Amino acid sequence: MTISADHTAHPTGVDQAPGAAGTQPQPDAQGSAASEAVRKFGITVEDYMLPARHPIQMVGPDGTLNPHTEQGTQPGHEYAIPGDDELMAAYEQLVVGRRVNDQNSALVRQGRMAVYPSSHGQEACQVAAALCLADGDWIFPTYRDSVAVMARGVDPVQTMTLFRGDWHGGYDPAEHKVGIQCTPLTTQLLHAVGVAHAAKLRGEDTVVLAMCGDGATSEGDFHEALNFAAVFHLPVVFFVQNNQYAISVPLAHQSVAPSLAHKAVGYGMAGERVDGNDAVALLAVLGRAVKLAREGSGPLLVEAHTYRMQAHTNADDATRYRQDSEVAEWVAKDPLSRMTTYLTERGLLDDGGAARIAEKAEAVAAQLREGLGEDVPVDPQDLFRYVFSTPTPQLKEQSALLADELARDAASAATSEETAR
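Just so we're clear, the structure is a prediction, and the values are computed from it rather than from any experiment.

A cluster of nonpolar side chains, Phe 228, Val 231 and Phe 232, forms an exposed patch at the surface whose accessible area comes to about 260 Å². Position of Val 231 among the secondary structure elements: in helix 9 (residues 220–231). In this structure Val 231 comes out as exposed when scored by relative accessible area, which is 58%.

With that out of the way, let us pick up the side chain of Glu 303. Within the element layout of this structure, Glu 303 appears in strand 9 (residues 300–305). One buried charged side chain, Glu 303, makes no salt bridge at all; its nearest oppositely charged neighbour is Arg 273, positioned 5.4 Å away. Polar contacts involving the side chain of Glu 303 include one to the side chain of His 305, which spans 3.1 Å. The contacts of Glu 303, once residues within four sequence positions are left out, are Val 240, Asn 242, Ser 259, Leu 260, Ala 261, Glu 272, Arg 273 and Val 274.

What follows is about the confidence of the model for the protein. Confidence in the prediction of the protein, expressed as mean pLDDT, is 90, and 92% of residues score 70 or more. Every residue in residues 1–31 scores below 50 in pLDDT, and together they form 48 contacts with partners more than four places removed in sequence or on other chains.

In this section: helix 12 (residues 335–345). For helix 12, the complete set of buried residues consists of Pro 335, Leu 336, Arg 338, Met 339, Tyr 342 and Leu 343. Down the axis of helix 12, the buried side of the element spans an arc of 160°, and every buried residue falls inside it. For helix 12, the elements touching its buried residues are helix 3 (84–109), helix 4 (123–131), strand 8 (270–275) and helix 10 (279–294). Following helix 12 by one or two positions, Gly 347 adopts a phi angle in the positive range, close to 80°.

This brings us to the nonpolar core. In this structure, Tyr 48, Met 160, Leu 209, Val 237, Phe 239 and Met 339 are the most contacted members of the largest nonpolar core, which totals 72 residues. Of all the elements, helix 10 adds the most residues to this core, at twelve residues. Formed by 26 residues, the second largest nonpolar core is a distinct cluster that contains Val 193, Phe 222, Ala 264 and Met 269.

Turning our attention to the pairing of strand 4 (residues 208–213). Counting buried residues along strand 4, five of its six residues qualify, which places the element largely inside the surrounding structure. Two strands pair when backbone bridges link them, and strand 3 (residues 138–140) and strand 4 are joined in this way by three bridges, in the parallel orientation. The residue bridging Trp 138 from the neighbouring strand is Val 208, located in strand 4. Pairing geometry for strand 4 and strand 5 (residues 236–242), over six bridges, is parallel. Looking at strand 5, one finds that Val 208 is bridged to Val 236. Between the parallel elements strand 4 and strand 5, the chain passes through helix 9 in a crossover that is right-handed.

With phi around 55°, Lys 177 is a residue other than glycine that occupies positive phi space. With respect to the element layout, Lys 177 can be found in the loop between helix 7 (173–176) and helix 8 (187–202). Judged by relative accessible area, Lys 177 falls into the partly exposed class, the value being 26%. Notably, Ile 247 is not glycine yet its phi reads approximately 55°, a positive angle.

Parameters and conventions
Residues numbered from 1 in each chain as written. Predicted model: local features only at pLDDT ≥ 70, side-chain atom pairs only at ≥ 80, totals over all residues. Heavy atoms only, no water. Patch = residues over 30% accessible without salt bridge, like charges linked within 9 Å, V, L, I, M, F, W, Y side chains within 5 Å. Areas by Shrake-Rupley, 256 points an atom, 1.4 Å probe, with all protein chains shown as cover. Salt bridge = Lys/Arg side-chain N within 4 Å of Asp/Glu carboxyl O. Helix = DSSP H or I, 4+ residues; strand = E, 2+ residues; numbered from the N terminus. Buried < 20%, exposed > 50% of the residue type's maximum accessible area, 1.4 Å probe, protein only. Lys, Arg positive; Asp, Glu negative; His and termini not counted. Polar contact = N/O pair within 3.5 Å; in protein donor to acceptor, adjacent residues only side chain to side chain. Contact = heavy atoms within 4.5 Å. pLDDT = per-residue confidence, 0-100. Arc of directions from axis to C-beta. Core = buried A, V, L, I, M, F, W, Y, C linked by side-chain atoms within 4.5 Å. Pairing = 2+ DSSP bridges. Right-handed = clockwise from strand over helix to strand, strands pointing away.

Okay, here's the thing in structure tokens:
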């Protein structure tokens, strides 16, 4: 049996030797875009679907550009350096994202946020995910992807509303084409596939980027989402941020696959690995993945190798399952300092430009302090108002009971105030 370039299997005779005509990858009758991609790259379908032998890394931890031969590329897995404007936009979002992560951690300690899953050290993944998309595309983030949400243009205070403990997500997903951040693990992948399927049926030029962590790849929803996307040839880029831990469970206890990107081939889609702390490589790899998906090559999976520098959330004690020495190794790979050095050496960033961007980041931090410090009006009737479009008799009864109780409390308070006078 051979696999053709349209990702379908074809039986072959046992007397055919490797390389015989009947065993070569054959495009489908209609000449699918995936087949065209394989022919354009001049590689076999297996080499197209399997990730490069080494993760793509353009800029090393010291901030210098790797020689082309050391970037991890190979035929069919080659990438150009993004444009200067794109690099500077990414740097600005990196600086803002880092400042927001640190500010939110402080707000949690002050009691102005209920919980915050910091992405300190993963900001390059967040920024590249947002910047590689067109305005009409969708992104479906996890609970740790607040920086990506803001980079898509969502107001910072609205982005953090969920973590303040409010009952709603804080922003309109349809307005921004950003799914509500999901706390249930992996459910957002199914939502992403559904949106992509609807867009394809409508003939829309839409790509959906679905974000998840390494722990999500152990969930059944991950299998269902990837399989559905592949079978229906949907324009979805699955972006796995492998930060080495699913809360306290290391990757080695979750999977023994060569990499998480290798899981793609099992569903009939292409996979790629990239240094998740290299913003330059991330922009290039995710940018091409989105382009291929938009051209009709079907879904793709990108795995980014990164690290969660801080605890899972403020309720987590990371010292119970990892050593300080391990964290220190990743401090040297910090995406922000790497990008700063790279842009400075290229002459794209000077002290004045860095100061202006830092000032913008401080303004966002001040906006968060002010916005999350305000008291939010609470309407108890919201408990019933948004459960069903047409309230059930039971909900109507409960709502009436609550309204009566609130009215009696208000009357009692007014009487007490009048008596005190």
